[in-house]
Amino acid sequence: MKIILMRHGQAENETHPDSARQLTDFGVQQASQTAAYIAEHYQPDQFVVSPYDRAQQTLAELQSRMPNIPASVQDNITPSDSAQNALAVLANIDAQCLVVVCHMPIVANLASLLTGDSPEAFALAEARVFEMEFVMSDMAKEIKRFVPDQTR
């Protein structure tokens, strides 16, 4: 099985509550680049997304390329949530290729739990692909990274 962890694209400055921050035009471009990469190289069978607006907007770029893939909102993958609790929920999802769209720092902490390595920050709209027999701490191997354009 594969889990693809993806961070949202560039978001506006904190003029709104964190949950309501929107992607900038550049953030939409970043999300679009990563969505195109995922659509070209993988066959997701489930999307999971944070309830925050910027993650939802990032997911929309994935769905524009893969409209028939079911998506669900997972409330415990916001920036301040526990990666261990989030991983326990993700482990119960029946999927062979799961794409999870969320935020720093939880996305780095999820990657760390999967591999047993120290957390490493994700770039904006970065996707990392992990392969494993089943979802459990220290059972995954990172097999690929995609980082979209980070400069305007």
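Each residue is numbered by its place in its chain's sequence as written, counting from 1. With the structure being a predicted model, the display of local features is reserved for residues of pLDDT at least 70 and the display and counting of side-chain atom pairs for 80 or more, all residues being used for whole-chain, interface and lining totals. Only heavy atoms go into the side-chain values, all of them from the structure, while hydrogens and water stay out.

A. Main features of the pairing of strand β2 (residues 46–49). Here's how the labels work: a residue is buried when its accessible area is under 20% of the maximum for its type, exposed when over 50%, partly exposed in between, all with a 1.4 Å probe on protein chains only. Strands here mean DSSP runs of E at least two residues long; helices mean DSSP runs of H or I at least four residues long; both are numbered from the N terminus. Taking every second residue as pointing to the same face, both faces of β2 are buried, with Q46 and V48 on one and F47 and V49 on the other. For two strands to be treated as a pair, DSSP must find at least two bridges joining them. In terms of strand pairing, β2 meets strand β4 (residues 97–102) through 4 bridges, oriented parallel. For V48, the partnering residue across the bridge sits in β4 and is V100. The sheet contact formed by β2 and strand β3 (residues 71–73) spans 3 bridges and is parallel.

B. Region of the structure containing the pattern of salt bridges. By definition here, a salt bridge exists when the distance from a side-chain nitrogen of Lys or Arg to a carboxyl oxygen of Asp or Glu is within 4 Å. Scanning the model with the defined rule gives 7 salt bridges in all. As a salt-bridge pair, E126 and R128 come within 2.7 Å of each other at their nearest N and O atoms. With respect to burial, E126 and R128 carry one shared label: buried. Through salt bridges that share partners, D18, R21 and R54 make up one connected network.

C. Region of interest: the environment of T151. You can see T151 is positioned in the segment after β6 (141–146). Spatially, the C-alpha atom of T151 lies 31 Å from that of D75, the residues being 76 residues apart in sequence.

D. Spatial organisation of the side chain of R54. Secondary-structure assignment places R54 in helix α2 (residues 53–65). Note on R54: relative accessible area 3%, which makes it buried. The criterion used for residue contact is that any of the two residues' heavy atoms lie within 4.5 Å. Not counting chain neighbours up to four residues away, the residues in contact with R54 comprise H8, A11, D18, R21, L23, P79 and H103.

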